[in-house]
Amino acid sequence: MSDRRMNPHQRTRSPRQPAMLASCSNMKGSHLFLYLFSMSCWLNLMPAAGNKIFHFGPCRISMSVTEIRSGFTAIKANIQARDPIRTLSILSYPHSLHRVKSSDRCCITHHLFNFYVDKVFKHCKTEDSYVNRKISSIANSFLSVKRKLGQCHEQNKCMCGQESAKKFKQILVNYEGLNVTSAAIKSLGELDILLDWMEKSR
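Residues numbered from 1 in each chain as written. Predicted model: local features only at pLDDT ≥ 70, side-chain atom pairs only at ≥ 80, totals over all residues. Heavy atoms only, no water.

1. Focus on the overall build of the protein chain
Logical step 1: Helix and strand counts for the protein chain come out as seven helices and two strands.
Logical step 2: Listed by position from the N terminus, the elements making up the protein chain come as α-β-β-α-α-α-α-α-α.
Logical step 3: In the protein chain, once contacts between residues fewer than 6 apart in sequence are set aside, the share between residues at least 24 apart is 83%.
Logical step 4: Looking at the protein chain as shown, the accessible area adds up to about 13300 Å², and 55% of this sits on carbon and sulfur atoms. (Helix = DSSP H or I, 4+ residues; strand = E, 2+ residues; numbered from the N terminus. Contact = heavy atoms within 4.5 Å. Areas by Shrake-Rupley, 256 points an atom, 1.4 Å probe, with all protein chains shown as cover.)

Dropping the structure here:
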């Protein structure tokens, strides 16, 4: 039977040490998780490159109007050439977006993005694949903003005042006075009216 002697410099490991090591490891993991979570929240609050923050009443929405405008400019002449009725406007008659109160911007912007996503883009199909791709890209941008506006609209219960409700109703009347395709093409051709109004409202 061999006589095992303990080296005086050898330390005995306490049974609590593995638990302490595991606890330290868990704490490090917890701190890492909190750090990553904080960074994620911070990045979500920061506008993406090229995006600007727009204030629509109580809603702060990050979006790239420059990207949308660039896509629209590329097809504007093509779309407007397809509009057979030049004497009627969907968005600007009679001055539909003028003098909207600051408190009403959340509500009416929410309605306008719903209008474009649900009524306009669905009926803007052409025989030109390039034009269709640009329309699809603009529609996707609008859909993203629509979702953000919808969340803010729910949280803040944005309500349109009587005057703004009347303005949006007039837009619908103008739209529904034409056949679906003509109304959609005309509304798309007037997209710069909406973009100009949003940028002036910042």
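2. Points about the packing of aromatic side chains
Logical step 1: Under the criterion given, the structure shown has eight aromatic pairs.
Logical step 2: Ring geometry for Phe54 and Phe56: centres 6.0 Å apart, planes at 10°, overall stacked.
Logical step 3: With a relative accessible area of 0%, Phe54 lands in the buried category.
Logical step 4: Taking the relative accessible area as the measure of exposure, Phe56 reaches 0% and is therefore buried.
Logical step 5: Three or more aromatic residues link up through ring pairs in this structure, and these residues are Phe113, Phe115, Tyr116, Phe121, Phe142, Phe168 and Tyr175. (Phe/Tyr/Trp six-rings, centres within 6.5 Å; stacked < 30°, edge-to-face > 60°. Buried < 20%, exposed > 50% of the residue type's maximum accessible area, 1.4 Å probe, protein only.)

3. Topic: the pairing of strand E1 (residues 52-56)
Logical step 1: When E1 meets strand E2 (residues 59-63), the two strands line up antiparallel, connected through five bridges. When the sheet's bridge partners are listed, Lys52 is paired in E2 with Met63.
Logical step 2: With antiparallel pairing between neighbouring strands as the criterion, E1 and E2 make up a hairpin whose turn holds two residues, including Gly57 at a positive phi of roughly 60°. (Pairing = 2+ DSSP bridges.)

4. Thoughts on helix H7 (residues 191-200)
Logical step 1: Turning to H7, its buried residues number three or more, namely Leu191, Asp192, Leu194, Leu195, Trp197 and Met198.
Logical step 2: Contacts made by the buried residues of H7 are with E1, E2, helix H2 (65-81), helix H3 (105-120), helix H4 (129-156) and helix H6 (180-189).

5. Regarding the state of the cysteines
Logical step 1: Tallying each qualifying case throughout the model produces three disulfides.
Logical step 2: What pairs with Cys59 in a disulfide is Cys152, and their sulfur atoms sit 2.0 Å apart. Its S-S torsion of approximately -105° makes the covalent link between Cys59 and Cys152 left-handed. Of this pair, Cys59 sits in strand E2 while Cys152 is found in helix H4, placing the two residues 93 residues apart along the sequence. Here the two residues Cys59 and Cys152 agree in accessibility, since each one is buried.
Logical step 3: A sulfur-sulfur separation of 2.1 Å characterises the disulfide bridge that pairs Cys107 with Cys160. The disulfide joining Cys107 to Cys160 has a torsion of about -110° about its S-S bond and is therefore left-handed. (Disulfide = S-S within 2.5 Å.)

6. Observations concerning the nonpolar core
Logical step 1: If you look at the biggest cluster of nonpolar residues, it comprises 47 residues, and the most contacted ones within it are Leu112, Tyr116, Phe142, Leu191, Leu194 and Met198.
Logical step 2: Listed by contribution, the elements that provide at least two residues to this core are E1, E2, H2, H3, H4, helix H5 (162-176), H6 and H7.
Logical step 3: Sort the elements by how many residues they give to this core and H3 lands first, with nine residues.
Logical step 4: Each residue touching Leu112, except ones within four places of it in the same chain, is listed here: Leu91, Leu97, Phe168, Ile171, Leu194 and Trp197. (Core = buried A, V, L, I, M, F, W, Y, C linked by side-chain atoms within 4.5 Å.)

7. Overview of the layout of surface pockets
The rolling of a water-molecule-sized probe over the atoms marks out the regions of remaining empty space.
Logical step 1: If you add up the space inside the second largest pocket, you get close to 160 Å³.
Logical step 2: Forming the boundary of the second largest pocket are Leu91, Ser92, Leu97, His98, Arg99, Ile193, Asp196, Trp197 and Lys200.
Logical step 3: The class makeup of the residues in the lining of the second largest pocket is four nonpolar, two polar and three charged. (1 Å grid on protein atoms, 1.4 Å probe; cavity = no way out; pocket = protein on both sides within 12 Å on 5 of 7 lines; lining within 4 Å. Points joined across faces, edges and corners; volume = space filled by probe spheres on them. Nonpolar A, V, L, I, M, F, W, Y, C, P; charged D, E, K, R; others polar.)

8. Remarks on the packing of H3 against H5
Pairs of packed helices are described in terms of their axes, by the angle between the two and the distance that separates them.
Logical step 1: In contact at an axis separation of 10 Å, H3 and H5 are set at 15° when each is read in the N-to-C sense. Between H3 and H5, the interaxial angle falls into the category roughly parallel. Pair H3 / H5 crosses with right-handed handedness. For the pair H3 and H5, contact is made by Ile108, His111, Leu112, Phe115, Lys119 and Val120 and by Ser164, Lys167, Phe168, Ile171, Leu172, Tyr175 and Glu176, respectively.
Logical step 2: Residues of the contact of H3 with H5, tallied by class, amount to eight nonpolar, two polar and three charged. (Axes fitted to C-alpha atoms, helices over the stretch in contact; angles between N-to-C directions. Parallel < 35°, antiparallel > 145°, perpendicular 65-115°, else oblique. Left-handed = near helix turned anticlockwise from the far one by under 90°.)

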